[in-house]
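# Results of the structural survey
Listed here are the chains, written in short residue letters.
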Amino acid sequence: MSTTTNPIAALRHVFVALGAGLTLLFLAVTAATAQIQLDLNRGVVQPLPIAISDFDAESPRSEQIGKELAGVIRNNLQRSGLFQPLDPRAHIQAPSAMRNVLPRFQDWRVINAQALVVGRVEATADGRLRVEFRLWDVFAEQQLTGFVYATTPDNWRRIAHKVSDAIYKRITGEDGYFDTRIVFISESGPKNQRQKRLTIMDQDGENLRYLTDGRYLVLTPRFSPSQQEITYLSYFNNRPRVFLFNIDTGQQEVVGDFPGMTFAPRFAPNGNKVIMSMAQDGNSDIYAMDLRTRQVQRLTSDPAIDTAPSYSPDGRFVTFESDRGGRQQIYVMEADGSGQRRISFGEGRYGTPVWSPRGDLIAFTKQLRGNFYIGVMRTDGSGERILTEAYHQEGPTWAPNGRVLMFFRETPGDAQGRGARVRLWSVDLTGHNLREIITPGDASDPAWSPLSP
Amino acid sequence: MRLNSFGSKFLGVAAAALLLAACESTPETTGTAAGAGGQGAAPATTATAPTTTAPAVTPGTKADFELNVGDRVFFDFDKFDLKPAARATLERQAAWLRQYPQKTVVIEGHCDERGTREYNLALGERRANAAKRFLMSQGVAEARIRTISYGKERPAALGSNEAAWSQNRRSVTVVAN
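Residues numbered from 1 in each chain as written. Chains lettered and ligands numbered in written order. Predicted model: local features only at pLDDT ≥ 70, side-chain atom pairs only at ≥ 80, totals over all residues. Heavy atoms only, no water.

## Remarks on the sheet that holds strand S23 (residues 349-355) of chain A
All names here are of chain A. Strand order across the open sheet formed by four strands is S23-S24-S25-S26, with antiparallel pairing between neighbours. Because the sheet does not close on itself, it has two edges, and the strands there are S23 and strand S26 (385-390). Neighbour-to-neighbour, the strand axes of this sheet turn through a mean angle of 20°, independent of strand direction. Judged from the five bridges that link them, strand S25 (residues 371-378) and S26 form a sheet pairing that is antiparallel. Paired with Ile374 across the bridge in S26 is Thr388. (Pairing = 2+ DSSP bridges. Helix = DSSP H or I, 4+ residues; strand = E, 2+ residues; numbered from the N terminus. Axes fitted to C-alpha atoms, helices over the stretch in contact; angles between N-to-C directions.)

## Re the nonpolar core
Residues Phe55(A), Phe133(A) and Ile167(A) are the most contacted members of the largest nonpolar core, which totals 49 residues. Looking at which element gives the most residues to this core, the answer is helix H3 (residues 156-172) of chain A, with eight residues. Formed jointly, this core draws a minimum of three residues from each of two domains, domain 1 (2-172) and domain 2 (181-448) of chain A. Beyond its immediate sequence surroundings of up to four residues, Phe55(A) is in contact with Gly66(A), Leu69(A), Ala70(A), Ile73(A), Val117(A), Gly119(A), Arg120(A), Val121(A), Val131(A), Glu132(A), Phe133(A) and Val163(A). Phe65(B), Ala94(B), Tyr100(B) and Leu135(B) belong to the second largest nonpolar core, which has 21 residues in total. (Core = buried A, V, L, I, M, F, W, Y, C linked by side-chain atoms within 4.5 Å. Buried < 20%, exposed > 50% of the residue type's maximum accessible area, 1.4 Å probe, protein only. Domains from an automatic or database assignment. Contact = heavy atoms within 4.5 Å.)

## Focus on the interface of chain B and chain A
Tallying the contact residues gives 30 residues for chain B and 48 residues for chain A. At the boundary of chain B with chain A, total buried surface from both sides reaches about 3300 Å², with 48% on carbon and sulfur atoms. Run the count over chain B and chain A and you get eight salt bridges. Note that Glu394(A) is salt-bridged to Lys152(B), the shortest N-O span being 2.6 Å. (Buried area = accessible area lost by both parts, 1.4 Å probe. Salt bridge = Lys/Arg side-chain N within 4 Å of Asp/Glu carboxyl O.)

## Things to note about the domain arrangement of chain A
Residue and element names in this part refer to chain A. Domain assignment breaks chain A into domain 1 (2-172) and domain 2 (181-448). Centre-to-centre separation of domain 1 and domain 2, based on C-alpha positions: 36 Å. On the side of domain 2, twelve residues touch domain 1, which itself brings 14 residues to the contact. Across the interface of domain 1 and domain 2, roughly 990 Å² is buried in total on both sides, 38% from carbon and sulfur atoms. When the area that domain 1 buries against domain 2 is broken down by residue, the three leading residues are Leu40, Arg79 and Arg157, summing to 46%. The interface formed by domain 1 and domain 2 includes one salt bridge. Close ionic contact of Asp204 with Arg157 constitutes a salt bridge, the shortest N to O distance being 3.0 Å. Here domain 1 and domain 2 share seven residue pairs in polar contact (both at pLDDT 80 or more) between them. Element by element, the count of residues in the side of domain 1 that touches domain 2 is highest for helix H1 (residues 60-80), at six residues. Its residues assigned to classes, the side of domain 1 that touches domain 2 comprises four nonpolar, eight polar and two charged. (Polar contact = N/O pair within 3.5 Å; in protein donor to acceptor, adjacent residues only side chain to side chain. Nonpolar A, V, L, I, M, F, W, Y, C, P; charged D, E, K, R; others polar.)

## A look at the environment of Arg239(A)
Residues and elements named next belong to chain A. Mapped onto the elements, Arg239 comes out in the loop between strand S12 (229-234) and strand S13 (241-246). Residue Arg239 is classed as partly exposed on the basis of its relative accessible area, which comes to 42%. Put simply, Arg239 and Leu198 are 41 residues apart on the chain and 17 Å apart in space, counted from C-alpha to C-alpha. Aside from chain neighbours lying at most four places away, what touches Arg239 is Ser234 and Phe258.

## Structural notes on the sheet that holds strand S18 (residues 296-298) of chain A
Read from one edge to the other, the open sheet built from four strands follows the order S15-S16-S17-S18 (chain A), with strand pairing classed as antiparallel. The open sheet has two edge strands with one neighbour each: strand S15 (262-267) and S18 of chain A. The average angle at which neighbouring strand axes cross in this sheet is 25°, direction not considered. In this fold helix H6 (residues 117-137) of chain B packs onto S15, strand S16 (273-280) and strand S17 (283-290) of chain A, with an angle of close to 150° to the strand it touches most, S15(A).

## Here's the deal with unusual backbone geometry
Residues and elements named next belong to chain A. The backbone phi angle of Asn100 is positive, close to 65°, even though this residue is not glycine. Looking at where Asn100 falls in the secondary structure, it is placed in the loop between strand S4 (83-85) and helix H2 (105-110). Residue classification places Asn100 among the exposed residues on the basis of a relative accessible area of 57%. Unusually for a residue other than glycine, Asn237 sits at a positive phi of about 55°. Checked against the element boundaries, Asn237 lands in the loop between S12 and S13.

## As for H3(A)
Residue pairs spaced three or four apart in an α-helix point in one direction, given the helix's 3.6 residues per turn. All names here are of chain A. With 17 residues, H3 should reach 24 Å at 1.5 Å per residue; the first-to-last C-alpha distance of 24 Å fits that figure. Taking burial as the measure, the 17 residues of H3 include 15 buried ones, the bulk of the element. Of the residues flanking the end of H3, it is Gly173, one or two places downstream, whose phi is positive at about 80°. (Expected span 1.5 Å × (residues − 1).)

## Topic: the packing of aromatic side chains
Residues and elements named next belong to chain A. Applying the stated criterion to the full structure yields 18 aromatic pairs over all chains. Geometrically, the ring pair formed by Tyr216 and Phe236 is edge-to-face, given 5.0 Å between the ring centres and 70° between the ring planes. With Tyr216 in the loop between strand S10 (209-210) and strand S11 (218-223) and Phe236 in the loop between S12 and S13, this residue pair connects regions lying 20 residues apart in the sequence. Taking the relative accessible area as the measure of exposure, Tyr216 reaches 27% and is therefore partly exposed. Aromatic rings pair up to connect Tyr216, Tyr232, Phe236, Phe243 and Phe245 into one cluster. Residue placement shows Arg324 over the ring face of Tyr331; its charged tip is 5.0 Å from the ring centre. The positively charged end of Arg409 is found above the aromatic ring belonging to Trp425, 4.8 Å away from the centroid. (Phe/Tyr/Trp six-rings, centres within 6.5 Å; stacked < 30°, edge-to-face > 60°. Lys NZ or Arg CZ within 6 Å of the ring centre and 35° of its normal.)

Encoded structure:
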């Protein structure tokens with residue numbers, strides 16, 4: 001490429017259509033070999049010092065957005081545990097000083113930044129927002145990646161998440177997970193009259209929205225791979241049943257016409273089926289329902305409890321839990337119900353199996369001697385690895401890149417249940433970077449969305 | 001204390017008044033189902049309620065069932081088989097239901113908090129169904145019994161200790177009409 005001396009001129013006009021009126025343009029990379037690389041397969045990763053300069057702008061309003069954009073990106077990267085964003089007050093070179101020229105890399109080396117993000121915000125004539133950014137290798141003095149996005153001004157947070165994902169991907173070689181949402185259950189009130197509401201928020205806790213009003217008990221929401229639909233359990237009219245909730249329209253509908261309680265729903269990877277348990281005469285078995293044909297297929301018929309089914313990402317297998325062997329353990333079967341076999345053989349109870357989006361692991365909750373553990377095992381049950389231990393925690397859900405798990409953790413209260421607390425937490429697949437996810441109140445049953453389209 | 005096994009919020013006003021008169025320490029009411037604004041309204045009720053005779057519970061009512069029959073039975077951890085005490089209570093329930101054949105019931109299955117959510121929904125279903133089968137074996141028609149599992153969502157005791165958990169591993173027979 002002939003643009004190494006003036007990378008700003010190197011706009012390659014490749015537009016990619018994105019959801020929500022987003023357009024994206026790739027900023028050509030100078031012919032560089034990557035100098036910075038975080039290998040996520042090594043145990044503990046030393047966080048990479050990175051400087052994210054406030055995004056440059058020429059109008060006060062755009063300047064404000066530019067500051068906030070940089071703040072959201074810093075926050076995302078910081079929480080990933082893989083980056084150490086440097087305090088912007090320590091930055092030497094001002095954002096405007098890099099307008100249309102190369103950064104003064106010496107200034108960034110002084111504060112020990114290994115990577116540098118420089119961006120720019122503009123309001124365009126048609127009222128949209130144009131955001132561009134470049135990621136620089138400070139020591140090699142080379143551009144690693146760069147994109148231009150255009151969207152409506154109220155959509156600026158999604159741009160910040162997309163930029164974060166692009167940085168994460170360029171540095172780690174893996175897809176990011178910042179442009180995602182979490183659906184979960186907000187909890188309030190005394191333990192014996194707990195009010196529960198279906199709630200959705202961005203993965204960083206912003207844009208929180210209650211989807212139900214708390215009149216009916218709701219549990220265990222899960223995202224559709226198509227993103228705009230949630231399946232969950234509702235006690236609507238005192239009949240616990242699996243429902244679908246359309247996020248765009250707010251419309252709710254019951255899934256199928258079953259004689260008994262349906263629960264523990266999850267979508268198939270292609271979004272066309274919901275797999276769940278149905279209880280009849282006290283016995284719970286696993287069923288799959290095709291959402292278009294409404295055809296129902298029974299996958300297990302065992303007098304034991306069979307529940308918590310989860311498809312493999314290729315849709316060929318289902319993992320589930322059963323106490324047919326005497327206590328809760330994890331099983332795997334073909335998607336048609338054949339070839340059922342137990343895969344967990346450790347001490348204790350194993351439940352809530354969830355297949356990793358990468359296909360190689362199953363996350364679970366384990367109960368042993370009065371404690372609860374979140375862990376992962378290979379899909380044949382080997383290589384069990386415990387990630388966290390607590391008095392009570394359960395229900396792992398995977399980030400779409402299969403690198404982070406979210407779950408909920410409960411701390412007990414006093415004899416009247418006062419002071420009890422239940423919150424969302426996340427932990428890396430390595431067992432490091434354990435963090436509470438900040439929610440306005442008590443929260444449980446998290447489910448991570450796929451990457452936004 | 002036997003009061004616990006009924007759950008104070010299910011007590012009728014007359015029964016509550018009797019207890020207030022009989023006990024120095026007032027039981028902690030949740031003040032919802034008991035109605036009449038809890039302790040504030042208690043003196044007026046006490047004044048009118050007879051304190052020297054048995055509580056004025058009308059036979060054949062929900063209150064009668066809860067007070068004189070017993071609406072709940074308890075289970076061991078991760079179990080759904082009926083223990084002798086549970087069978088005795090269910091026998092009384094069946095006798096009462098045979099006596100009042102127009103009554104229908106909903107049996108709720110509940111669990112303690114020491115299990116995962118979905119497993120507990122299935123376990124609560126098992127417990128409710130165990131109680132239902134027993135009532136049916138005692139001559140109560142299946143059509144009169146509905147079951148619902150609440151898993152660990154509606155504990156009766158709020159603590160996080162074995163005493164509370166043993167109260168929460170239960171089935172509760174609720175007179176529906």
